[in-house]
Amino acid sequence: MTMDADDESLLEDLLAGKHRALARIISKIENRSPGYRDLVSELYAHTGDADVIGITGSPGAGKSTLVDKLAETYRDRGETVGVIAIDPSSPFTGGAVLGDRIRMASTVGDMDVFVRSMSARGTLGGLSTATADAVKAMDAFGKDKIIIETVGAGQNEIDIVRTADTVAVLVPPGSGDDIQTLKAGILEIADVFVVNKADRDGADRTVQELREMVHLGEESGLGSGSGGHHSQEVIDAHDDWDGETDADEDEAEDWTPPIVETVATKGTGVETFIDELANHRAYLVDSGTRAEKVRQRYAEEIRTLLREDVHALLEDELDERGGIDGLADAVRRGETDPYSIANDVLAPVEACVENLETEPGEGDSSGE
């Protein structure tokens, strides 16, 4: 792939640590501007060092406040931070409803905390391909920690595991039925549970219910090992890892999500939360599961891009045939049916694929 001179200059500025370039590249990614794919392709060679943390949970759990305190504490430790806040999409523009919100009160004016709101764009888990690409931009820029705060739509947030190394699920005290809901799916994605607003009534009971849920999950095989499901570590870190025995590997694959109590408004428990995040990162490295998970992530990225591209090709083919409305009207008049139309539209695509399979190309070892 080739980039024009402006994009090459933009990439150089990003790698040189210029925040303006980071902001412009993320805008190009989110807007799907011409040339953005070439830019993202170049980013891959510079990624793999950042620790990507996902923060999700039900609305009102205090995610934004906790993210603020996380960023502040990481900065106190001398680490740079990038924050991507996933907002609900506007039904009219597709953009983030809340825009670039002033949500990081403790770090306003700190250039080493870069905050960006992005639209969920209607994806099931509130995360889009653009979000994953924005993470790559922040990673290539050199951010030590990248925090993704999601819209908090319950079980639909499962999509976050494809992007974050470690997922923290926030549960407000006194959740009651919400804890039962968590059993339906969130247990599988939580690497750390956080009971925020732990100074409120019902916090102790919520912690106990979570402990019981995690215990039941371990007994049923749901909870253990879930922590190895996602990573952006360099693949060689695993390839060079030597596990002495299969038993050691099996033991290392078990991860029990810890439960942390925090009061984000006061900063209480944030240090403990950060320690647990670090423990999970160490687990991912030491267990040797990161390489397989990063392969799964890239496999999903490939599938997503192919779906997008094939969808665009089919839309063009439909337009050449008079548009979807005209074809639908033909079905209404009884002249054809949806199955026949689908077969006709797919025919040239299938012919192209078959042609690629039958024509010997460079690297073809079939000998035919």
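Anything mentioned here points back to the structure above.
In this report, the structure presented in the accompanying data block is examined. These numbers were taken from a predicted model, which means no experiment stands behind them. (Residues numbered from 1 in each chain as written. Predicted model: local features only at pLDDT ≥ 70, side-chain atom pairs only at ≥ 80, totals over all residues. Heavy atoms only, no water.)

**Some remarks on the overall build of the chain**
Then, in step 1: Within the chain, the secondary structure is distributed over 13 helices and 7 strands.
Then, in step 2: Each of the 368 residues in the chain was classed as buried or not, and the buried ones make up 44%.
Then, in step 3: Long-range pairs, those at least 24 residues apart, make up 79% of the contacts in the chain between residues at least 6 apart in sequence.
Then, in step 4: A total of about 18,600 Å² of accessible surface is found on the chain, and carbon and sulfur atoms cover 49% of it. (Helix = DSSP H or I, 4+ residues; strand = E, 2+ residues; numbered from the N terminus. Buried < 20%, exposed > 50% of the residue type's maximum accessible area, 1.4 Å probe, protein only. Contact = heavy atoms within 4.5 Å. Areas by Shrake-Rupley, 256 points an atom, 1.4 Å probe, with all protein chains shown as cover.)

**Let's talk about helix α4 (residues 63-76)**
Then, in step 1: The first and last C-alpha atoms of α4 sit 20 Å apart over 14 residues, in line with the 20 Å expected at 1.5 Å per residue.
Then, in step 2: Turning to α4, its buried residues are Lys63, Leu66, Val67, Asp68, Lys69, Leu70, Ala71, Thr73 and Tyr74.
Then, in step 3: Directly beyond the C-terminal end of α4, a positive phi value near 85° is found at Gly78. (Expected span 1.5 Å × (residues − 1).)

**Description of the pairing of strand β5 (residues 166-171)**
Then, in step 1: Where burial is concerned, most of β5 is hidden: 6 out of the 6 residues are buried.
Then, in step 2: Every second residue of β5 is oriented toward a common face, with Thr166, Ala168 and Leu170 on one face and Val167, Val169 and Val171 on the other, all of them buried.
Then, in step 3: With 5 bridges joining them, strand β1 (residues 51-57) and β5 adopt parallel strand pairing. The residue of β5 that forms the bridge with Gly57 is Leu170.
Then, in step 4: Pairing analysis gives 4 bridges linking β5 to strand β6 (residues 192-195), with the strands arranged parallel. (Pairing = 2+ DSSP bridges.)

**Looking at the sheet that holds β5**
Then, in step 1: The sheet built from 7 strands is open, its strands ordered β3-β2-β4-β1-β5-β6-β7 with parallel pairing. Two strands close off the open sheet at either side, each with one partner strand: β3 (113-119) and β7 (259-261). Strand-to-strand twist across the sheet, computed as the mean angle between neighbouring axes with direction ignored, equals 20°.
Then, in step 2: Relative to the sheet, helix α5 (residues 129-141) contacts β1, β2 (81-87), β3 and β4 (145-149), its axis offset from that of β2 by approximately 170°. (Axes fitted to C-alpha atoms, helices over the stretch in contact; angles between N-to-C directions.)

**Notes on the packing of aromatic side chains**
Then, in step 1: Tallied over the full model, the rule gives 2 aromatic pairs.
Then, in step 2: Seen in terms of ring centroids, Trp255 and Tyr283 are 5.3 Å apart; in terms of plane orientation they differ by 35°. Their pairing is tilted. Taken as a pair, Trp255 in the loop between α9 (246-252) and β7 and Tyr283 in helix α10 (residues 270-287) lie far apart in primary sequence, 28 residues in all.
Then, in step 3: Look at Tyr283 and you get buried, because its relative accessible area is 10%. (Phe/Tyr/Trp six-rings, centres within 6.5 Å; stacked < 30°, edge-to-face > 60°.)

**Remarks on the pattern of salt bridges**
Then, in step 1: If you walk through the whole model with that rule in mind, you get 22 salt bridges.
Then, in step 2: Between Lys18 and Asp13 there is a salt bridge, with its nearest N and O atoms 3.5 Å apart.
Then, in step 3: Residue Lys18 is classed as partly exposed on the basis of its relative accessible area, which comes to 45%.
Then, in step 4: Salt-bridge contacts for Glu271 lead to Arg77; the nearest nitrogen and oxygen are separated by 2.4 Å. One end of the pair, Glu271, is in helix α10; the other, Arg77, is in the loop between α4 and β2, with 194 residues separating them in the sequence.
Then, in step 5: Residue classification places Glu271 among the partly exposed positions, given a relative accessible area of 43%.
Then, in step 6: Salt bridges sharing partners connect three or more residues here, namely Asp51, Glu79, Lys145 and Arg281. (Salt bridge = Lys/Arg side-chain N within 4 Å of Asp/Glu carboxyl O.)

**Observations concerning the packing of helix α1 (residues 5-15) against helix α3 (residues 36-43)**
Then, in step 1: It is the contact of α1 with α3, at a shortest axis distance of 11 Å, that shows an interaxial angle of 35°. Considering only the axes of α1 and α3, their crossing is right-handed. Packed against α1, whose contacting residues are Asp7, Leu10, Leu11 and Leu14, the element α3 presents Leu39, Glu42 and Leu43 at the interface.
Then, in step 2: In terms of residue class, the contact of α1 with α3 is built from 5 nonpolar, no polar and 2 charged. (Left-handed = near helix turned anticlockwise from the far one by under 90°. Nonpolar A, V, L, I, M, F, W, Y, C, P; charged D, E, K, R; others polar.)

**Focus on α1**
Then, in step 1: For α1, every residue scored as buried is listed here: Asp7, Leu10, Leu11 and Leu14. Each buried residue of α1 sits inside an arc of 100° when the element is viewed along its axis, so together they form one side. Counted as exposed and oriented over 90 degrees from the buried face of α1: Ala5 and Glu12.
Then, in step 2: Against α2 (19-31), α3 and α5 lie the buried residues of α1.
Then, in step 3: By the N-cap criterion, in which a side-chain oxygen at the helix start approaches the backbone nitrogen of a residue two or three places on, α1 is capped by Asp4, the distance to Asp6 being 3.2 Å.
Then, in step 4: After α1 finishes, the residue Gly17 shows a positive phi value of roughly 90°. (Arc of directions from axis to C-beta. Polar contact = N/O pair within 3.5 Å; in protein donor to acceptor, adjacent residues only side chain to side chain.)

**Digging into the nonpolar core**
Then, in step 1: Counting 45 residues, the largest nonpolar core has Leu14, Leu22, Ile26 and Phe193 as the members making the most contacts within it.
Then, in step 2: Among the elements that line this core, the one with the most residues is α5, at 7 residues.
Then, in step 3: Ranked by size, the runner-up nonpolar core spans 22 residues in total, among them Ile53, Leu70, Ala168 and Val192. (Core = buried A, V, L, I, M, F, W, Y, C linked by side-chain atoms within 4.5 Å.)

Bear in mind that shape data such as this cannot, by itself, settle questions of function.
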